[in-house]
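Read off the chains here:
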Amino acid sequence: MTAPDAPRLIDVHAHFVTKSYIRQARAAGHERPDGMPGWPAWSPAAHLDLMDRCGIGTAMLSLSSPGVHFGDDAAAGRLAREVNEESAQVVREHPGRFGLFASLPLPDVDGALAEIAYAFDTLGADGVVLETNTHGVYLGDAGLEPVFAELARRDAVVFLHPTSPVCWEQSALGRPRPMVEFIFDTARAVTDLLFAGTLERHPDLKVVVPHCGGALPVLADRVNGFMKLFMPDDQGAPDALAQLRRLHYDLAGTPFPRQVPALLSLVGPDRLLYGSDYCWTPPAAAEAHAASVDAAPVPASVSASASGEGVTWRSLTTANAQRLLPRLAR
């Protein structure tokens with residue numbers, strides 16, 4: 001059990017589903033989404049119960065893979081509006097306990113811009129969730145620049161979420177795609193943003209990368225070297241490492257004992273955020289994950305950089321989330 005005086009976590013990687021969404025996804029062929037055995041159940045009551053057991057104060061709701069775009073722009077726009085309105089209602093009904101990262105009907109740029117305006121101006125969204133690719137259109141695609149420009153103008157939090165690559169039939173080898181494909185598609189999408197110059201054009205974008213950055217911590221130097229080799233000379237020498245250090249990274253998945261040390265070799269501890277991956281992570285596994293975060297020792301170097309004794313991963317990630325999402329600090 002969580003100590004009564006322990007800080008309450010802010011979960012930036014928390015999901016929801018609705019019966020209508022599952023029905024539409026199944027109709028589009030997603031009976032076993034991303035190779036998983038089936039769809040999870042979700043309700044606000046069950047989520048709150050899990051949060052209370054884990055000592056989670058606030059969970060930022062977002063839609064996971066496969067997202068809202070199943071091939072038709074108009075249908076994707078309607079589905080994005082539907083799930084955003086339903087989750088916004090949950091946020092209103094449980095003040096302080098939930099937040100919203102709104103879904104966008106990418107790669108439909110006009111539809112995405114309309115939904116950004118509605119999500120922020122009408123629903124009061126805290127940010128947006130972007131899948132790493134939609135039907136093979138990755139986030140560095142030049143056509144998506146108006147979306148990133150608008151998100152940067154609004155100083156929006158942009159939560160990235162992995163999905164299956166278009167080549168998963170060959171690359172996944174019949175194994176569950178979230179196990180490996182999600183990790184590498186995360187690295188692929190962020191690398192695409194680096195090479196496209198999106199992160200350099202919009203240095204203040206508040207991007208959250210899931211699962212401890214996926215494969216990025218061990219690939220960062222390699223990506224940086226290739227960027228310096230292949231980017232045009234007249235653009236100067238781009239520094240991928242500096243850009244990656246500006247991003248934020250959640251601890252969903254298996255952060256300890258190996259992923260967090262690798263991530264901290266790339267970024268400072270002020271960039272780490274808590275993530276449960278519930279409801280796609282079952283309750284027992286989500287509780288075990290929270291317990292592992294509480295049990296993991298905090299290196300002295302992290303405590304020193306966090307400016308205080310008694311620093312825990314719980315207190316560190318909560319303070320980081322409150323800086324990223326100032327509404328939650330009030």
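Residues numbered from 1 in each chain as written. Predicted model: local features only at pLDDT ≥ 70, side-chain atom pairs only at ≥ 80, totals over all residues. Heavy atoms only, no water.

**Considering the overall build of the protein**
Thought 1: Per the secondary structure count, the protein includes 14 helices and ten strands.
Thought 2: The C-alpha atoms of the protein give 19 Å as radius of gyration, which agrees with the globular expectation for 330 residues (20 Å, within 12%).
Thought 3: Dimensions of the protein, computed from the C-alpha atoms along their principal axes, are close to 50 × 50 × 45 Å.
Thought 4: Put simply, the protein has 330 residues, and 53% of those count as buried. (Helix = DSSP H or I, 4+ residues; strand = E, 2+ residues; numbered from the N terminus. Rg over C-alpha atoms; globule rule 2.2 N^0.38 Å. Buried < 20%, exposed > 50% of the residue type's maximum accessible area, 1.4 Å probe, protein only.)

**Structural notes on the environment of His 69**
Thought 1: If you trace the backbone, His 69 turns up in the loop between strand S2 (56-62) and helix H3 (73-93).
Thought 2: With relative accessibility at 7%, the residue His 69 sits in the buried group.
Thought 3: For His 69 and Val 129, which are 60 residues apart along the polypeptide, the C-alpha to C-alpha distance reads 13 Å.
Thought 4: With residues near it in sequence (within four places) discarded, His 69 still touches Ala 76, Pro 105, Leu 106, Pro 107, Thr 134 and His 135. (Contact = heavy atoms within 4.5 Å.)

**Let's talk about helix H9 (residues 216-230)**
Thought 1: Residue Arg 222 marks the point of greatest curvature in H9, where the axis turns by about 30°.
Thought 2: If you follow the buried residues of H9, they end up packed against helix H7 (177-196), strand S8 (206-209), helix H10 (240-245) and helix H11 (255-264). (Bend = angle between axes of the 7 residues up to and from the residue.)

**Side note on the packing of aromatic side chains**
Thought 1: By the definition in use, this model includes seven aromatic pairs.
Thought 2: Between Tyr 21 and Phe 70, the ring centres sit 6.4 Å apart and the planes meet at 35°, which makes this aromatic pair tilted. Highlighted residues: Tyr 21 in helix H1 (residues 19-27) and Phe 70 in the loop between S2 and H3, separated in sequence by 49 residues.
Thought 3: Residues Trp 39 and Trp 280 carry aromatic rings whose centres are separated by 5.5 Å and whose planes lie at 55° to one another, so their mutual orientation is tilted. (Phe/Tyr/Trp six-rings, centres within 6.5 Å; stacked < 30°, edge-to-face > 60°.)

**Focus on the pattern of salt bridges**
Thought 1: Going through the model one piece at a time under the given rule, you end up with 16 salt bridges.
Thought 2: Between Arg 271 and Asp 270 there is a salt bridge, with the nearest N and O atoms lying 3.7 Å from each other.
Thought 3: Given a relative accessible area of 39%, Asp 270 falls into the partly exposed group.
Thought 4: Two residues, Asp 294 and Arg 314, come together in a salt bridge whose shortest N-O distance is 2.9 Å. Pair noted here: Asp 294 is in helix H12 (residues 283-295) and Arg 314 is in helix H14 (residues 313-324), with a separation of 20 residues, a long-range link.
Thought 5: Accessibility expressed as a relative area gives 3% for Arg 314, which makes it buried. (Salt bridge = Lys/Arg side-chain N within 4 Å of Asp/Glu carboxyl O.)

**A look at the pairing of strand S7 (residues 157-161)**
For a regular strand, the rule is simple: side chains alternate between the two faces of the sheet.
Thought 1: The buried fraction of S7 amounts to five of the five residues, a majority that puts the element mostly inside the structure.
Thought 2: Burial along S7 is two-sided: Val 157, Phe 159 and His 161 and Val 158 and Leu 160, pointing in opposite directions, are all buried.
Thought 3: With five bridges joining them, strand S4 (residues 127-131) and S7 adopt parallel strand pairing. Its bridge partner lying in S7, Val 129 is registered against Phe 159.
Thought 4: Sheet topology places S7 next to S8; three bridges connect them, and they run parallel. Residue Phe 159 lies in a different strand from S8, and its bridge partner there is Val 208. (Pairing = 2+ DSSP bridges.)

**Comments concerning the environment of Ser 315**
Thought 1: Here Ser 315 shows up in helix H14.
Thought 2: You can call Ser 315 partly exposed: its relative accessible area is 22%.
Thought 3: Discounting residues that sit within four places of it in the chain, Ser 315 has contacts with Pro 7 and Gly 310.

**Focus: unusual backbone geometry**
Thought 1: Cis geometry is found at the peptide bond from Ser 65 to Pro 66, where omega equals 15°.
Thought 2: Within the secondary structure, Pro 66 is located in the loop between S2 and H3.
Thought 3: The phi torsion at His 211 lies on the positive side, around 55°, for a residue other than glycine.
Thought 4: If you trace the backbone, His 211 turns up in the loop between S8 and H9.
Thought 5: Although it is not a glycine, Cys 212 sits at a positive phi angle of roughly 55°.
Thought 6: Position of Cys 212 relative to the elements: it lies in the loop between S8 and H9.

**Brief notes about the sheet that holds S7**
Thought 1: Spatially, S1-S2-S3-S4-S7-S8-S9-S10 is the arrangement adopted by the eight strands of the open sheet, whose pairing is parallel. Of all strands in the sheet, those with a lone pairing partner are strand S1 (9-15) and strand S10 (272-273), marking the two edges.
Thought 2: Packing against the sheet, helix H2 (residues 44-54) makes contact with S1, S2 and strand S3 (98-103), and its axis sits at approximately 140° to S2. (Axes fitted to C-alpha atoms, helices over the stretch in contact; angles between N-to-C directions.)

**What to know about H3**
Along an α-helix, residues three or four positions apart point the same way, because every turn accommodates 3.6 residues.
Thought 1: Taking 1.5 Å of rise per residue, the 21 residues of H3 would be expected to cover 30 Å, and the 30 Å separating its terminal C-alpha atoms lies within 8% of that figure.
Thought 2: Along H3, the positions that sit buried rather than exposed are Ala 76, Leu 79, Ala 80, Val 83, Asn 84, Ser 87, Ala 88, Val 90 and Val 91. Angular distribution of buried residues about the axis of H3 spans 160°; they occupy a single face of the element.
Thought 3: The secondary structure elements touched by the buried residues of H3 are H1, H2, S2, S3 and helix H4 (109-121). (Expected span 1.5 Å × (residues − 1). Arc of directions from axis to C-beta.)

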